[in-house]
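Geometric and topological summary
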Amino acid sequence: MYLALLPDADSLAALKRFALSLPDDAHVTIIHSKAHSGAPLPIPKWSSALMLKTNGVASFGWKSKLVLRLNVLNNELIAIRLQAETILRDANLPWSAEWLFSPHVTIGSQRAKMAPPAALRFDRMAWR
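To continue, consider the sheet that holds strand S6 (residues 119–127). Pairing in this open sheet of six strands is antiparallel, and the strands run S2-S1-S6-S3-S4-S5 from one edge to the other. The open sheet has two edge strands with one neighbour each: strand S2 (28–32) and strand S5 (104–106). The average angle at which neighbouring strand axes cross in this sheet is 40°, direction not considered. Where strand S1 (residues 2–7) meets S6, five bridges bridge the pair, whose relative direction is antiparallel.

Counting through the fold element by element, Ser33 comes out in the loop between S2 and strand S3 (50–60). With relative accessibility at 1%, the residue Ser33 sits in the buried group. The spatial distance from the C-alpha of Ser33 to the C-alpha of Leu3 is 9.0 Å, given a sequence separation of 30 residues. Setting aside anything within four residues of it in sequence, one finds Ser33 in contact with Met1, Leu88, Leu93, Pro94, Trp95 and Ser96. A polar atom in the side chain of Ser33 sits 3.1 Å from the backbone nitrogen of Ala35. In terms of polar contacts, Ser33 uses its side chain to reach the backbone carbonyl oxygen of Pro94, at 2.4 Å.

With 30 residues, the main nonpolar core has Leu3, Leu5, Ile30, Val105, Phe122 and Trp127 as its most contacted residues. Among the secondary structure elements, those contributing two or more residues to this core are S1, helix H1 (9–18), S2, S3, strand S4 (65–70), helix H2 (75–90) and S6. Residue contacts for Val105: discarding those within four places in its chain leaves Leu15, Leu22, Ala26, His27, Val28, Leu66, Val67, Leu68, Leu120 and Phe122.

The next thing to look at is the side chain of Thr54. For Thr54, the location among the structural elements is in strand S3. A distance of 2.6 Å separates a polar side-chain atom of Thr54 from the backbone oxygen of Pro117. Apart from residues no more than four positions distant in its own chain, Thr54 is found in contact with Leu68, Arg69, Leu70, Asn71, Pro117, Ala118, Ala119 and Leu120.

To continue, consider the side chain of Ser11. Here Ser11 lies in helix H1. Engagement of the side chain of Ser11 in a polar contact is seen with the backbone nitrogen of Arg121, the distance being 2.7 Å. Ignoring anything within four residues of it in the chain, the contact list for Ser11 reads Leu120 and Arg121.

Bridging between S3 and S4 involves five bridges; their strand directions are antiparallel. Bridged to Ser59 within S4 is Leu66. Alignment of S4 against S5, held across three bridges, turns out to be antiparallel. Across the sheet, residue Arg69 finds its bridge partner in S5, namely His104.

Cut-off values and rules
- Residues numbered from 1 in each chain as written.
- Predicted model: local features only at pLDDT ≥ 70, side-chain atom pairs only at ≥ 80, totals over all residues.
- Heavy atoms only, no water.
- Pairing = 2+ DSSP bridges.
- Helix = DSSP H or I, 4+ residues; strand = E, 2+ residues; numbered from the N terminus.
- Axes fitted to C-alpha atoms, helices over the stretch in contact; angles between N-to-C directions.
- Buried < 20%, exposed > 50% of the residue type's maximum accessible area, 1.4 Å probe, protein only.
- Contact = heavy atoms within 4.5 Å.
- Polar contact = N/O pair within 3.5 Å; in protein donor to acceptor, adjacent residues only side chain to side chain.
- Core = buried A, V, L, I, M, F, W, Y, C linked by side-chain atoms within 4.5 Å.

Structural data, given as structure tokens:
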């Protein structure tokens, strides 16, 4: 289970033009838990729209997947993450701590020969 920050339609289309093998469920993982809740979890409070600058492609994680890095950990992202930790703590669910919070979008293995979008807009969040 994870809390996903989801790109709006225009940002998703821009990502799909750049990353030809982009998964259909493209998102930024705010927090991940190997446990599952039987009940729906609340969504953290936020502005309901975030514009985040990108910062190039990198290899990430122990499986070395390609990701589009986001430029900065801003105050709103940090607040969302802290609220998500509280939500999981209140539900007695552990969260993964193997990696530091490093916002990115997994892009798959094939990229177009063009620059990535300079910024992405995120307008929804969901527990998946």
